[in-house]
Amino acid sequence: MNTVIETMLSHRSIRKFTQQAISFEQLDTILSAGISASSSSFLQTTSIIRVTDPQKRKALAEFAGGQQYVETAAEFLVFCIDYQRHFQLSPEVKPEFTELTLIGAIDAGIMAQNTLLAAESLGLGGVYIGGLRNAPKEVDELLGLPKYCAVMFGMCLGHPDQDPQIKPRLPQKVMVHQDSYQPLSEQDIAEYDAETSHYYQTRGSNQKTGSWSDHIHGRLSKESRPYIRDYLNSKGLATK
Ligand SMILES: Cc1cc2nc3c(=O)[nH]c(=O)nc-3n(C[C@H](O)[C@H](O)[C@H](O)COP(=O)(O)O)c2cc1C
């Protein structure tokens, strides 16, 4: 065990922040750590929009479905797939291939996780805001995203004003397969459902009944933002 791994193992999303700002030096370090992440084919396809304008923060909080911490966090970063800069370098680039959108989404996630981990290592906390994809066109317009640049998610960062429990993850034996795919064991899931039911019932806030399986049934048995393909296509992405 070392301090990096200890930080990773203590991760939990933070949704309540003190009013204390993140210093310029800390933010600079956090962003440098984020940008140091691996990059598919060294394409460097991510842009981060740091949103400081309170009116824009308010609008983004509403677009994300009324997530107030988007307004109150010390920092709010919006991670975008960005092939606009590549297009500016050479009008011959072809950002429309779905493979490049996958690359962009993967790389944005990797850069964001480096960013969050760096913040957590400094005693700060944060949460991703996929809720921005509730209203991608509105986010686009508000932030002036050009063609070939598409919003993926936001991230709140700040000084934690809460100390939530760690959310139990699926056990390694479910997530890690050796040599070939192993079907899901009912017993493993029953044990995990018992663990998550207990977590949901006893956690510090937002207590509820139900298990992880119930959560999955509720979350994945309905449509998932069916307009996203049209949004990406409207940005010139994933049309081929
Ligand atoms: C890409 C992504 C988008 C997310 N979007 C939101 C969001 O919009 N609002 C929110 O409160 N949490 C959001 N989360 C946080 C997850 O709900 C959280 O990571 C998950 O429940 C596990 O909890 P933990 O991070 O505390 O371990 C998002 C996480 C990821 C990775």
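Every value quoted in this text rests on a predicted model; they were computed, and no experiment measured them. (Residues numbered from 1 in each chain as written. Predicted model: local features only at pLDDT ≥ 70, side-chain atom pairs only at ≥ 80, totals over all residues. Heavy atoms only, no water.)

### As for the overall build of the chain
(1) Moving on: Along its length, the chain carries 11 helices and 4 strands.
(2) Moving on: Taking 240 residues into account, the globule formula puts the C-alpha radius of gyration at 18 Å, and the chain, at 19 Å, falls close to it.
(3) Moving on: Seen along its three principal axes, the alpha-carbon backbone of the chain occupies a region of about 55 × 45 × 35 Å.
(4) Moving on: Per-residue burial over the chain gives 39% buried out of 240 residues. (Helix = DSSP H or I, 4+ residues; strand = E, 2+ residues; numbered from the N terminus. Rg over C-alpha atoms; globule rule 2.2 N^0.38 Å. Buried < 20%, exposed > 50% of the residue type's maximum accessible area, 1.4 Å probe, protein only.)

### Focus on the pattern of salt bridges
(1) Moving on: For the structure shown, the criterion picks out 8 salt bridges.
(2) Moving on: With a closest N to O distance of 3.5 Å, Asp 161 and Lys 16 form a salt bridge. Here the residue Asp 161 occupies a position in the loop between strand E4 (149–158) and helix H8 (172–175), and Lys 16 occupies one in the loop between helix H1 (3–9) and helix H2 (24–35), the gap between them amounting to 145 residues.
(3) Moving on: In this structure Asp 161 comes out as partly exposed when scored by relative accessible area, which is 38%.
(4) Moving on: One salt bridge connects Lys 58 with Glu 62, and the closest N-O pair in it is separated by 3.9 Å. (Salt bridge = Lys/Arg side-chain N within 4 Å of Asp/Glu carboxyl O.)

### So, the packing of aromatic side chains
(1) Moving on: This model, assessed by the stated rule, comprises 5 aromatic pairs.
(2) Moving on: Judged by centre distance (5.5 Å) and plane angle (65°), the ring pair of Tyr 128 and Phe 153 falls under edge-to-face. Separated by 25 residues along the polypeptide, Tyr 128 in strand E3 (residues 125–129) and Phe 153 in strand E4 bring together distant segments of the chain.
(3) Moving on: Judged by its relative accessible area of 30%, Tyr 128 falls in the partly exposed class. (Phe/Tyr/Trp six-rings, centres within 6.5 Å; stacked < 30°, edge-to-face > 60°.)

### Side note on the site of the ligand
(1) Moving on: The immediate surroundings of the ligand are formed by 13 residues, with His 11, Ser 13, Arg 15, Gln 67 and Lys 167 found nearest.
(2) Moving on: In the model, a nitrogen atom of the ligand is placed 3.3 Å from a nitrogen or oxygen of the Tyr 128 main chain.
(3) Moving on: Take Lys 167: an N or O atom from its side chain is 2.6 Å from an oxygen atom of the ligand.
(4) Moving on: Here the ligand loses 67% of its free accessible area of 620 Å² to cover by the protein chains.
(5) Moving on: The cavity where the ligand resides is the largest pocket.
(6) Moving on: Of all the elements, E3 adds the most residues to the shell around the ligand, at 3 residues.
(7) Moving on: Partitioning the shell around the ligand into residue classes produces 4 nonpolar, 5 polar and 4 charged. (Near = heavy atom within 4 Å. Polar contact = N/O pair within 3.5 Å; in protein donor to acceptor, adjacent residues only side chain to side chain. Areas by Shrake-Rupley, 256 points an atom, 1.4 Å probe, with all protein chains shown as cover. 1 Å grid on protein atoms, 1.4 Å probe; cavity = no way out; pocket = protein on both sides within 12 Å on 5 of 7 lines; lining within 4 Å. Sits in = over half its atoms within 2 Å of the grid points. Nonpolar A, V, L, I, M, F, W, Y, C, P; charged D, E, K, R; others polar.)

### Some thoughts on the UniProt feature "domain: Nitroreductase" (unreviewed entry) in the chain
(1) Moving on: Under the local residue numbering, the UniProt record ascribes the feature "domain: Nitroreductase" (unreviewed entry) to residues 10–159.
(2) Moving on: Annotated as residues 10–159, this span is 43% helix and 19% strand, and its ends, taken at the C-alpha atoms, are 16 Å apart. (UniProt positions renumbered as here; feature names shortened; annotations may be inferred.)

### Here we look at the packing of helix H9 (residues 186–202) against helix H10 (residues 212–220)
(1) Moving on: At their nearest, the axes of H9 and H10 sit 7 Å apart, and the two run at 90° to each other. As far as their axial angle goes, H10 and H9 are roughly perpendicular. Along its contact with H9, which presents Ile 189, Tyr 192, Asp 193, Thr 196 and Tyr 200, the element H10 presents Trp 212, Ser 213 and His 215.
(2) Moving on: Per-class residue counts for the contact of H9 with H10 are 4 nonpolar, 3 polar and 1 charged. (Axes fitted to C-alpha atoms, helices over the stretch in contact; angles between N-to-C directions. Parallel < 35°, antiparallel > 145°, perpendicular 65-115°, else oblique. Contact = heavy atoms within 4.5 Å.)

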